[in-house]
Amino acid sequence: MMISRKQLQLYFVMGSSNCRENPEQTLMKAIRGGITCFQFREKGKGSRRGRAKFELALQLKTICREYNIPFIVNDDVNLVLEIDADGIHIGQEDDSPLEVRRMLGRKILGISAHNTEEAREAVKNGADYLGVGPMFPTRTKKDCREVRGPEVIREIRSDGITIPITGIGGIKSSNLDQVIQAGADGVAVISTISHSRDPEMIARELITRIKPLTADD
Ligand SMILES: Nc1nc(C(F)(F)F)ncc1COP(=O)(O)OP(=O)(O)O
Ligand SMILES: [Mg+2]
């Protein structure tokens, strides 16, 4: 299963600990506002485990399927298989991409990359898209690598890498154009939407800015 450049335009990443209200409500509002892809990233202090994590994943997947939004799971290959998610996102410290690809078959495989070497390796290992960041300072991911900014996307593109790319890390309305002009097909956000008092309005504001900057498929 592929993921299109258009589906990567506004990629909402969220877990219950990122939300002001309940995650189902936050996701529904973000979808109404126009997000184009969703990642369930249930991680960190206060995140759900075991059965509670499974049930929340199922609920959020059901909502995404209703609105034809790709449902990606962060890190957890078994959960992807248990709930038949559309794909997975893994980073440099997670399971090996070749092993994950073997287990997932044709599902979407997203891989984090922080430089051209990691990007090239990820493409060789069959990534369907790259998540590159952190673009700007972020408080969401405590163990993130150094902030390199949109320049690293420009470097990856000038290395001849053409697969879909989304930028992540500290992205908001006022800085997303730099990420797309550097060569990303869209942006991934967590707290810009999940901490907002009006997730629908902020998602709409973001996608309205993104659309004119990105080529349609
Ligand atoms: N979760 C992510 N999603 C993306 C996305 F593609 F959505 F932009 N890019 C990068 C990451 C970071 O992935 P990783 O380095 O494994 O850290 P964590 O598992 O803590 O998220
Ligand atoms: Mg990870």
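Note that the coordinates shown come from a computational prediction; the quantities given were computed from them, not determined experimentally. Per chain, residues are indexed from 1 in the order of the written sequence. To label them, take the chains in the order written and letter them from A, then take the ligands in the order written and number them from 1. The model is predicted, so local features are restricted to residues of pLDDT at least 70 and side-chain atom pairs to those at 80 or more, both for listing and for counting; the totals for chains, interfaces and linings are taken over all residues. Note that the side-chain values use all heavy atoms of the structure and ignore hydrogens as well as water.

**Re the side chain of serine 112**
Along the chain, serine 112 falls in strand 5 (residues 108-113). Within the local environment of serine 112, its side chain forms a polar contact with the side chain of histidine 89, the two groups lying 2.8 Å apart. Note on conventions: DSSP H or I runs of at least 4 residues are helices, E runs of at least 2 residues are strands, and numbering of each starts at the N terminus. Definition of a polar contact: a pair of N or O atoms within 3.5 Å, with one able to donate and the other able to accept a hydrogen when the atoms are protein atoms, and with sequence-neighbouring residues admitted only if both atoms are side-chain atoms.

**Quick word on the pattern of salt bridges**
Pairing of side chains with opposite charge becomes possible as their charged atoms draw close. The salt bridge definition used is simple: a Lys or Arg side-chain nitrogen within 4 Å of an Asp or Glu carboxyl oxygen. Applying the stated criterion to the full structure yields 19 salt bridges. The shortest N-O distance in the salt bridge between aspartate 185 and arginine 157 comes to 2.9 Å. One end of the pair, aspartate 185, is in the loop between helix 7 (176-181) and strand 8 (186-189); the other, arginine 157, is in helix 6 (residues 151-158), with 28 residues separating them in the sequence. An identical accessibility class is assigned to aspartate 185 and arginine 157; each is buried. The network of salt bridges with shared partners includes Arg5, Arg157 and Asp185. Remark: exposure states derive from per-residue accessible area (1.4 Å probe, protein chains only) relative to the maximum for the residue type, with buried under 20%, exposed over 50%, and partly exposed in between.

**So, the packing of aromatic side chains**
Here is the rule: rings of Phe, Tyr and Trp (six-membered ring for Trp) pair when centre to centre is within 6.5 Å. Planes less than 30 degrees apart are stacked, more than 60 are edge-to-face, and the remainder are tilted. All told, the structure shown has 4 aromatic pairs when counted by the stated rule. Here tyrosine 11 and tyrosine 129 contribute two aromatic rings whose centre-to-centre distance is 5.8 Å and whose plane-to-plane angle is 75°, an arrangement assigned as edge-to-face. In this pair, tyrosine 11 sits in strand 1 (residues 10-14) while tyrosine 129 sits in strand 6 (residues 129-132), placing the two residues 118 residues apart along the sequence. Take tyrosine 11 and tyrosine 129: they sit in the same class, and that class is buried.

**Structural notes on the coordination of the magnesium ion (ligand 2)**
The donor set covers N, O and S atoms within 2.8 Å of the metal, switching to 3.2 Å for Na, K and Ca, and it leaves out water, so a site may look short of donors. In the first shell of the magnesium ion (ligand 2), the protein supplies Asp75 (OD) and Asp94 (OD), at 2.0 to 2.2 Å from the metal. With a gap of 19 residues between them, aspartate 75 in the loop between strand 3 (71-74) and helix 3 (77-83) and aspartate 94 in the loop between strand 4 (87-90) and helix 4 (97-104) connect regions that are remote in the sequence.

**Quick look at the UniProt feature "binding site: Mg(2+)" (unreviewed entry) in the protein**
UniProt positions are given in the numbering used here, feature names are shortened, and annotations may be inferred rather than shown by experiment. As annotated by UniProt and renumbered to match this structure, "binding site: Mg(2+)" (unreviewed entry) occupies Asp75 and Asp94. Taken along the chain, the residues just named run across 20 residues; in space they keep tight, none of their C-alpha pairs more than 6.6 Å apart. Throughout, a residue-residue contact means that at least one pair of heavy atoms, one from each residue, lies within 4.5 Å. Not counting the four nearest positions on each side in its chain, aspartate 75 is found in contact with Lys43, Ile88, His89, Ile90, Asp94 and Asp95. A polar side-chain atom of aspartate 75 sits 3.4 Å from a polar atom in the side chain of asparagine 74. For aspartate 94, a relative accessible area of 28% gives the class partly exposed.

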